[in-house]
Amino acid sequence: MKWLVGIVAVLLLCLVVYAGSAFVSALDLVSAVRSGDAVQIMARTDLLRVRHFLVDQVMSAYLDRLGQRRPVRPLERMAINAFGSQNKWRKSRKRVLKVSDEIKSAVQRQGYYLRSLRITKERMI
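Residues numbered from 1 in each chain as written. Predicted model: local features only at pLDDT ≥ 70, side-chain atom pairs only at ≥ 80, totals over all residues. Heavy atoms only, no water.

Comments concerning the overall build of the protein
The condition that has to hold: Working definition: helices are DSSP H or I runs of at least four residues, strands are E runs of at least two. Numbering for both runs from the N terminus. Partly exposed residues are those whose accessible area sits between 20% and 50% of the maximum for their type, while under 20% is buried and over 50% is exposed, using a 1.4 Å probe and protein chains only. Shrake-Rupley sampling with a 1.4 Å probe provides the accessible areas, and residues are treated as covered by the protein chains on show and by no other component.
The number of helices and strands found in the protein is 5 helices and 0 strands. What you see in the protein, going N to C, is helices and strands ordered as α-α-α-α-α. Of all 125 residues assigned to the protein, the portion counted as buried reaches 6%. When the accessible surface of the protein is split by element, carbon and sulfur atoms take 64% of a total near 12200 Å².

Below, the structure is given as structure tokens:
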């Protein structure tokens, strides 16, 4: 009987520690959000899971708009997450060695560069 009480007490203590650590982590995240500390927020957030959760929500809303009220199937979820995975289907980013004077001056002046998509006579072939 003493063994059973001891085992139950140890399991209860483990459960309290587990729930307490989650509670403390949630409090730390809330305090980081309230203080506006982006670095702490990013450190305490699982961005991969958030992205998958958002993809599921978008797909559920899309299916609702189509009139198909059903959950997203596992095969669909895998295909969507594989397509949206980071750096798998994109070309690798290479370093830019030279930046034009127009871009450089716009970044120094405004902090960003807005590319013009108008076709001018100079650009026409």
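Focus on the environment of Ala 26
Checked against the element boundaries, Ala 26 lands in helix α1 (residues 2-35). A relative accessible area of 40% means that Ala 26 is categorised as partly exposed. Taking C-alpha positions, Ala 26 is 8.9 Å from Arg 44, a pair spaced 18 residues apart along the chain.

With respect to helix α3 (residues 47-66)
To be explicit about the condition: Each residue after the first adds 1.5 Å to the expected span of a helix.
Taking 1.5 Å of rise per residue, the 20 residues of α3 would be expected to cover 28 Å, and the 29 Å separating its terminal C-alpha atoms lies within 8% of that figure. Downstream of α3 by one or two residues, Gly 67 has phi in the positive range, about 90 degrees.

Description of the environment of Thr 45
As a reminder of what qualifies: Throughout, a contact is declared for two residues whenever any of their heavy atoms are within 4.5 Å.
By the secondary structure assignment, Thr 45 is in the loop between α2 (38-43) and α3. When its relative accessible area of 23% is taken as the criterion, Thr 45 is described as partly exposed. Each C-alpha atom of the pair Thr 45 and Leu 29 lies 8.2 Å from the other, and the pair is 16 residues apart in sequence. For Thr 45, the residues in contact, after removing those within four places along its chain, are Leu 29 and Val 50.

Describing a nonpolar patch on the surface
For clarity, the threshold we go by: To count toward a patch, a residue needs a relative accessible area above 30% and no salt bridge. Like charges then connect within 9 Å, nonpolar side chains (Val, Leu, Ile, Met, Phe, Trp, Tyr) within 5 Å. A carboxyl oxygen of Asp or Glu within 4 Å of a side-chain nitrogen of Lys or Arg is what we treat as a salt bridge.
On the surface, a nonpolar cluster with roughly 450 Å² of combined accessible area is contributed by Met 1, Leu 4, Val 5 and Val 8. With respect to the helices, strands and loops of the structure, Leu 4 is situated in helix α1.

What about the pattern of salt bridges?
Counted according to the given criterion, the structure contains 2 salt bridges. Among the ionic pairs, Asp 28 bridges to Arg 44, the shortest N-O distance being 3.9 Å. In this pair, Asp 28 sits in helix α1 while Arg 44 sits in the loop between α2 and α3, placing the two residues 16 residues apart along the sequence. Between Arg 49 and Asp 46 there is a salt bridge whose closest N-O contact spans 3.4 Å.

Thoughts on the confidence of the model for the protein
Note the following rule: A residue's pLDDT is the predictor's confidence in that residue, given on a scale from 0 to 100.
Predicted confidence across the protein gives a mean pLDDT of 79, with 79% of residues reaching 70 or more. Within the protein, the lowest mean pLDDT, 73, falls on helix α4 (residues 74-83), and the highest, 92, falls on α1.

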